[in-house]
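These are the residues of each chain, in order.
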Amino acid sequence: GHAIHEFCMDRRSWRVVFEDRASAESASVPSRRNQSDSQTRGSFAPCPRRHGSMVAHSGGLWVFGGFASCDNVLADLWEFRLDVGTWRLVTSNATPRSERVGGSVGEEHTAEYPAARAEHSAVVFESRMIVFGGYCGRRKLNDAWAFDFRTETWSRADR
């Protein structure tokens, strides 16, 4: 499985905040389930991944994209609530999108949210998470997207 660890500066020690003991073999992201599923600790969590991003905002850790264990590129967005130790799927890979992705000259991404990506950057600015660039599995990306934490919507940030 996978885990979230926290380092306590005062004690100079690590503690486990979340640990998913489910099989790490599953690389698919579950489709949106009944919201009550997300309330059960450990029963609903993102698949193991690498080269995604994580930002902290308003008591939550927000995880976006990355490579799944089978090298599929992900476009899901998850929130981990530190106060209660639960995950919530905010947006899923399963959401329909245009096949075209942004970043290349003469090509435009027409969906209302970013294409799947890994190796990108993400920062929090005011009430938004800004995601820039990355790799979509075919080429490098050069676009910027903003996720508004208040409305939970994506918009292009580079237009």
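It should be noted that the structure appears before, not after, this text.
These numbers were taken from a predicted model, which means no experiment stands behind them.

Engineer: For this particular structure, what's the right way to read the nonpolar core?
Structural biologist: Nonpolar side chains in soluble globular proteins tend to end up buried together. Trp62, Leu77, Met129, Phe147 and Trp154 are the most contacted members of the largest nonpolar core, which totals 13 residues. Among the elements of the structure, strand S5 (60-68), strand S9 (128-135) and strand S10 (140-148) are those that each provide at least two residues to this core. Ignoring any residue separated from it by four or fewer positions in sequence, one finds Leu77 in contact with Trp62, Val63, Phe64, Arg88, Leu89, Val90, Thr91, Met129, Phe147 and Trp154. Listed in part, the eleven residues of the second largest apolar core include Phe44, Ala45, Leu61 and Val63.

Engineer: Explanation requested: the state of the cysteines in the structure shown.
Structural biologist: Linking two cysteines covalently through their sulfur atoms gives a disulfide. Evaluation of the coordinates by the stated rule reveals zero disulfides. Of all cysteine sulfurs in the structure, the one in Cys70 sits closest to Cys47, which takes part in no disulfide; the separation is 7.8 Å. Cys70 gets classed as partly exposed once you look at its relative accessible area, which sits at 44%.

Engineer: I keep staring at the sheet that holds strand S11 (residues 153-156) and nothing clicks. Help me out?
Structural biologist: In sheet architecture, strand pairing relies on hydrogen bonds along the backbone and comes in two forms, parallel and antiparallel. Taking strand neighbours across the sheet as the criterion, the four strands line up as S8-S9-S10-S11 in an open arrangement whose pairing is antiparallel. The outermost strands of the open sheet, each flanked by one partner alone, are strand S8 (121-125) and S11. Neighbour-to-neighbour, the strand axes of this sheet turn through a mean angle of 25°, independent of strand direction. Bridging between S9 and S10 involves seven bridges; their strand directions are antiparallel. Each bridged residue has a counterpart across the sheet, and for Phe132 the counterpart in S10 is Ala144.

Engineer: How should I be thinking about the packing of aromatic side chains in this particular structure?
Structural biologist: A ring pair, where both rings are aromatic, is described by two values, the distance of the centres and the angle of the planes. Evaluated as defined, the whole model comprises twelve aromatic pairs. Look at Phe64 and Trp154: their rings are 5.2 Å apart centre to centre, the planes differ by 50°, and that puts the pair in the tilted class. Of this pair, Phe64 sits in strand S5 while Trp154 sits in strand S11, and the two are 90 residues apart along the sequence. A single burial state applies to Phe64 and to Trp154, both of which are buried. Measuring from ring centre to ring centre gives 6.5 Å for Phe67 and Tyr135, while their planes differ by 55°; the resulting arrangement is tilted.

Engineer: I keep staring at the pairing of strand S7 (residues 86-91) and nothing clicks. Help me out?
Structural biologist: By the criterion of burial, S7 is predominantly enclosed, with five of the six residues buried. Sheet analysis places strand S6 (residues 73-81) next to S7, joined by five bridges and oriented antiparallel. Paired with Arg81 across the bridge in S7 is Thr86. Between the end of S6 and the start of S7, which pair antiparallel, lie four residues, with Gly85 showing a positive phi angle near 70°.

Engineer: Explain the side chain of Asp76 here, please?
Structural biologist: Checked against the element boundaries, Asp76 lands in strand S6. For Asp76, a relative accessible area of 0% corresponds to the buried category. Polar contacts involving the side chain of Asp76 include one to the side chain of Arg49, which spans 2.8 Å. Of note is the side chain of Asp76, whose polar atom sits 2.7 Å from the side chain of Trp78.

Engineer: Would you mind showing me how to read the environment of Val16 here?
Structural biologist: Within the secondary structure layout, Val16 lies in strand S2 (residues 13-20). Ignoring anything within four residues of it in the chain, the contact list for Val16 reads Ile4 and His5.

Engineer: Any chance you could explain the pairing of S11 here in plain terms?
Structural biologist: Pairing analysis gives four bridges linking S10 to S11, with the strands arranged antiparallel. Residue Ala146 lies in a different strand from S11, and its bridge partner there is Ser155. Here S10 hands over to S11 after four residues, with Glu152 in that stretch at a positive phi of 55°.

Thresholds, definitions, all that
Residues numbered from 1 in each chain as written. Predicted model: local features only at pLDDT ≥ 70, side-chain atom pairs only at ≥ 80, totals over all residues. Heavy atoms only, no water. Core = buried A, V, L, I, M, F, W, Y, C linked by side-chain atoms within 4.5 Å. Buried < 20%, exposed > 50% of the residue type's maximum accessible area, 1.4 Å probe, protein only. Helix = DSSP H or I, 4+ residues; strand = E, 2+ residues; numbered from the N terminus. Contact = heavy atoms within 4.5 Å. Disulfide = S-S within 2.5 Å. Pairing = 2+ DSSP bridges. Axes fitted to C-alpha atoms, helices over the stretch in contact; angles between N-to-C directions. Phe/Tyr/Trp six-rings, centres within 6.5 Å; stacked < 30°, edge-to-face > 60°. Polar contact = N/O pair within 3.5 Å; in protein donor to acceptor, adjacent residues only side chain to side chain.

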